[in-house]
Every structure is written in C-alpha cells, then in structure tokens.
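Here are the chains, one letter per residue:
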Amino acid sequence: MHPDLTERILQHLNVSDKVDTLDLVPIFGEDHQKIIGALKSIQAHGELVLAEPTSRKSLELTGEGIEVAANGSHEAAVYNAVPSEGIAQAELMKSSPNAKVGFSKAMSQGWIFVDKSVTPPLVKKKVDKIEDLVMQNLKAVANGNSDLAANVVSEYKKRKLLQEVTTKSFILSKGPEYSLTLTKLETDLTVEMLASGLWKDLKFKAYNFDALGAPPTRGHLHPLLKVRTEFRQIFLEMGFSEMPTNNYVESSFWNFDALFQPQQHPARDAHDTFFINYPSKSYKFPQDYLQRVKKVHSEGGYGSQGYGYDWKLEEAQKNLLRTHTTAVSARMLYKLANQPGGFKPAKYFSIDRVFRNETLDATHLAEFQQVEGVIADVGLTLGDLIGTLYEFFRKLGITKLEFKPAYNPYTEPSMEIFCFHPGLDKWIEVGNSGIFRPEMLLPMGLPPNVNVIAWGLSLERPTMIKYGINNIRDLVGPKVDLKMVEEGPICRLER
Ligand code: PHE
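Residues numbered from 1 in each chain as written. Predicted model: local features only at pLDDT ≥ 70, side-chain atom pairs only at ≥ 80, totals over all residues. Heavy atoms only, no water.

**Q** Give a description of the nonpolar core that names residues and reports values.
**A** Phe 231, Val 371, Leu 389, Phe 392, Phe 393, Leu 396 and Trp 455 are the most contacted members of the largest nonpolar core, which totals 37 residues. The set of elements that each furnish at least two residues to this core consists of α11 (223-237), β9 (346-355), β10 (367-378), α16 (382-394), β12 (411-421), β13 (426-436), β14 (450-458) and α18 (460-467). When residues of this core are assigned to their parent elements, the largest contribution, 5 residues, is made by α11. Those residues within four positions of Phe 392 in sequence are excluded, and the remaining contacts are Phe 231, Ile 234, Phe 235, Met 238, Val 371, Trp 455 and Leu 457. Listed in part, the 33 residues of the second largest apolar core include Tyr 289, Val 374, Leu 446 and Ala 454. (Core = buried A, V, L, I, M, F, W, Y, C linked by side-chain atoms within 4.5 Å. Buried < 20%, exposed > 50% of the residue type's maximum accessible area, 1.4 Å probe, protein only. Helix = DSSP H or I, 4+ residues; strand = E, 2+ residues; numbered from the N terminus. Contact = heavy atoms within 4.5 Å.)

Pasting the structure below:
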C-alpha cells in the first residue's frame, strides 16, 4: 500500500535531518499544498516535527515568456520574416503583432539592416543564421535550470518575459516527540477514560476553532404564510385592521343565521358543512339580537318580507367548523353596531382557515384559507365596492378585472370577480363580493344609512399560481415536499 503522505514525511526525516518542504515536491511527486496539509496534520499530533517558515525567490515565465519559449523571440520572428531580396519596413511591421519590439532588437543584435541605397529603402538580412538565445534561456528557466546572469534576468524582467515569485515553505526537522508513525488522536473524552485514568496517556485532537460549522437547521415559512404576509401588508397599507379569527368552531347562528341564510339552505346540510358532535350546541347569544334575526327570517321586517318559515333555535345552536370567515365579519359588524359611542366607519380584514365538506380533487381540500375585506360606512355604493376592488387587486399586480352577477344569501347585489391572467392567458375567477343585505345589517343595529361592502377570496389560489403548484395536495397536507417549503423563494407580489 502507498504510505500516507504524513508517514512519508516522517520517514524522510528519519534519513535526512533537515528538509525544505519545497524539495519534497519532486521527491514525493506531490503538490506542495498537499505536503503542507500533511504537515499540518502531523503538527496536530504534537511536536513530532519542527517546521521553520522560510521563503524562496524563484524565476517564472510570464504568459508572454511562455509563448517566446515555445515559438521563439519577437526578434527572431522579425528576422525570419525578412525575405532575401528585402522588404519595406512598413510591410515588415505587419508580419507579427510584436514586430515593433522584434525589429529594434533584431537591429541591435545586428541580424538585419536598412538598405538606404535603394528607393524606397528595404530591410534586409545582415547574417545568414541566427541563434535565438532569448528562446533558449527562457526554455532553460522553464526547465528549472536558470543560472542566468543578473543583467540578463533584469533585461528579461523589463521585457516582461520573466517574473520573480516568492514561494513560502517550511524547513522540517525532527521534533522532541518525533516518531515514525502517527497515533490516532482521540476526539472524545469518555467516562471510561476518566474512570480508568487512561486519559493521561491518550492524545487528544486539538479543537479547530476556525472550522466552519454545519449550518444549523431552522424553521421555514410555508408558501401560504409568505403570501398571507403580503396580503396582510396590502390591507394594512389600505388602512384596514385585522379581525380576530381564532375560532374554527362557530355556531350556525353566526355562520348562517346572522347572515340571513335560511335554515333550509342546502349549504347548511351535513354534506356541505362539518357539524360538531362535542359540544354539539352553543347557548350564549345576544338575546334581543337573536329575536330580531328570528323575526327577519320568519316574518320579515325592515322593508323585507323575509322567508316566511318556522325559524328554529335548535338549528341556530348547532356547532360547526366555520364555512367562511364571513362569520367573523358578522360578529365584528354586530360589535361595531353596538359599541359604546355608537357606530363609527370601519375597515376590517381577515385571513384564516375555513372548512367545507367537499369532494377532494386537485384544486379542492376540505379546508382552505380565506382572505376577506369589509368596509362599513355611511352611503357606500356598488361603485365604492368596484373602486376598492380595483385598488386592492392593483396592489396585487392585477389591473384587468371583470365582474359577473352572482348570488349570496347575505349580499345584494353580489358579484363574482374575474381577472385576466396573462401567464395562463385566460380570465380566472379570483373572488366573490357584494353589499351586505339590510336583512343582515339592520337586525344588528347598524344605522339604516350605513352600507357594508365586502369581498372574499382564497389564499391558496394566488399561492398556487405564484409558486407554480398545480395540485393543492402539493401545497397542503401530508404529501407536501419539505424541500419545496425550505427552498421556496420569499413572496413579492408585483406591486
Ligand atoms: N363568504 C363568501 C365565500 O365564502 C365570500 C364573500 C365575502 C362574498 C364577503 C361576499 C362578501 O365565498
């Protein structure tokens, strides 16, 4: 087996007292850097060798020097370019890129001369044969035997054919702990070593405080959280404040009844909504408000004829996983109407999870995140809603919007929001919106001249588009690739 470089160094010192690491390069046929590396690992074992820093100056060919050593000097090139009948100087200058230097050198060497007896004057050869000493000398330097005279060296340096380099190395000699082999160094101090006293005889590896540590693992924000941050920023810039959304479990009352959604509405079916078994019901409701909700559903009021059915408290008490964050908006609007000092205009937003008992496919899960904005003020109109939506979506980098009439039990009019997606090259639905119905707002106690405009969208959809994810299962759930989360870029919506 090839002995390890560290052992070859130790063995070499066994036969010679002192050696320069540079001299080991040809002996070992190894790179100097590798020999230094081996020296460092010997030194980690203690004072096996003494290493005294030293440096050596040596000559090295420059790039131009290498070319001359291979192809001949510039003056030789010029000499060779002169034909026996002679050549015009201007013509000769075109023969090689370094012809100017070559010409003056060849002249001073006496290799060529200018014959002025003819017109125009011609450059002619003065000797039959030349010896390209520059080339030979440089070749010798390249081969490591360079006993050039000092004046020649300084001329070549001036001509930028040679350069002096300093190489640092070490003079090695045996140290007080010299041995032919390296014992393996211990890296851990164990209980056994301490108990047996073995530690006293063992050699321990020194700490390397300059070593680069392994990068520590850390948490990473999921793409949905990154996009949520951006949405939140947009709402905050527009003067909205965030609603408290920390209740996934909601009563049917706030999720549906308060929103004037009749108790027979298909969405209130177990096929669409997750109802809760324990606790199955809520009991604490603002009683007079509850009575007004009951009345508007069953008998109407506030100019509405209602739905004319037998409204049941038990149905409103049923607990469920909220199906939309509009339940949160309903609670906030009720608070706004009943706050001390009375109603004040308000702008609210929320971004949080909602749940629907849906058939799962590539774009639907049983839970998703909703982004919702709500503005309550005196005399708001559909124009305010449209203007606000343009402003909101403009901040997302979306400028082309279209609206389609829609139906929600709690808004009238209602509009689906579409935007043109240049990447997908088509119109896609991005949200739903509307003006909350008087049947919802007036029972809460909001003044009759106050209108509330609102809109909602999913957080998943823009996230999937932004991060180029086609299947929602790659974004949410057990199949999510943690590498995707770890390496996903931060989100900047173009605004
Ligand atoms: N709640 C609606 C939904 O779940 C969104 C919406 C919010 C619509 C506010 C109108 C007004 O799709």
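Past the structure itself, the notes keep going.
**Q** Quick one: what's the story with the sheet that holds strand β2 (residues 49-61), residue by residue and with numbers?
**A** Strand order in this open sheet of 3 strands is β1-β5-β2, and the pairing throughout is antiparallel. Edge strands, defined here as strands with exactly one partner in the open sheet, are β1 (18-20) and β2. With direction set aside, neighbouring strand axes in the sheet form an average angle of 25 degrees. Of the strand pairs in this sheet, β2 and strand β5 (residues 162-174) are connected by 13 bridges, and their pairing is antiparallel. Note on β5: the bridge partner recorded for Leu 61 is Leu 162. Helix α8 (residues 133-142) rests against β2 and β5 of the sheet, and its axis sits at about 160 degrees to β2. (Pairing = 2+ DSSP bridges. Axes fitted to C-alpha atoms, helices over the stretch in contact; angles between N-to-C directions.)

**Q** Can you lay out the site of the ligand for me, pointing to particular residues and giving the numbers?
**A** Every residue close to the ligand is listed here: His 324, Thr 326, Arg 356, Gln 370, Glu 372, Asn 408, Tyr 410, Asn 432, Ser 433, Ala 454, Trp 455 and Gly 456. Arg 356 has a polar side-chain atom sitting 2.8 Å from an oxygen atom of the ligand. In this structure, Gln 370 approaches the ligand through a side-chain N or O atom, which is 2.8 Å from an oxygen atom. Summarising the interface, the protein chains cover 91% of the accessible area of the ligand, which totals 320 Å² for the free molecule. Mapped onto the shell around the ligand, the elements with two or more residues apiece are β10, β13 and β14. Class assignment of the residues belonging to the shell around the ligand gives a composition of 3 nonpolar, 7 polar and 2 charged. (Near = heavy atom within 4 Å. Polar contact = N/O pair within 3.5 Å; in protein donor to acceptor, adjacent residues only side chain to side chain. Areas by Shrake-Rupley, 256 points an atom, 1.4 Å probe, with all protein chains shown as cover. Nonpolar A, V, L, I, M, F, W, Y, C, P; charged D, E, K, R; others polar.)

**Q** I'd like a rundown of the pattern of salt bridges, residues and numbers included.
**A** All told, the structure shown has 19 salt bridges when counted by the stated rule. Between Lys 318 and Glu 315 there is a salt bridge, and its shortest N-O distance comes to 3.1 Å. Owing to a relative accessible area of 31%, Lys 318 belongs among the partly exposed residues under this scheme. The partner of Glu 367 in a salt bridge is Arg 353, and the shortest N-O contact between them spans 2.3 Å. Linking Glu 367 in strand β10 with Arg 353 in strand β9, this pair joins segments that are 14 residues apart in sequence. What makes Glu 367 partly exposed here is its relative accessible area of 28%. (Salt bridge = Lys/Arg side-chain N within 4 Å of Asp/Glu carboxyl O.)

**Q** Report on the side chain of Asp 257, specifying residues and quantitative values.
**A** Along the chain, Asp 257 falls in the loop between α12 (252-255) and α13 (287-298). Note on Asp 257: relative accessible area 1%, which makes it buried. A distance of 2.9 Å separates polar atoms of two side chains, one belonging to Asp 257 and the other to Arg 268. The contacts of Asp 257, once residues within four sequence positions are left out, are Ser 252, Gln 263, Arg 268, Val 293, His 297, Trp 311 and Ala 316.

**Q** If you had to explain the side chain of Ser 251 to someone new, which residues and values would you point to?
**A** By the secondary structure assignment, Ser 251 is in strand β7 (residues 249-251). A relative accessible area of 3% means that Ser 251 is categorised as buried. Non-local contacts of Ser 251, meaning those with residues more than four positions away in its chain, are made with Ser 282, Phe 285, Ala 316, Gln 317, Lys 318, Asn 319 and Leu 320.

**Q** Requested: an account of the sheet that holds β9, with residues and values cited.
**A** Read from one edge to the other, the open sheet built from 7 strands follows the order β6-β9-β10-β14-β13-β12-β11, with strand pairing classed as mixed. What marks the edges here is a single partner per strand, and that holds for β6 (241-242) and β11 (401-408). Across 9 bridges, the pairing between β12 and β13 is antiparallel. Paired with His 421 across the two strands is Lys 426, which belongs to β13. The sheet contacts of α11 involve β6, β9, β10 and β14, and relative to β9 the element is tilted by about 165 degrees. Docked against the sheet, helix α15 (residues 326-338) engages β9, β10, β13 and β14, running at close to 25 degrees with respect to β10.

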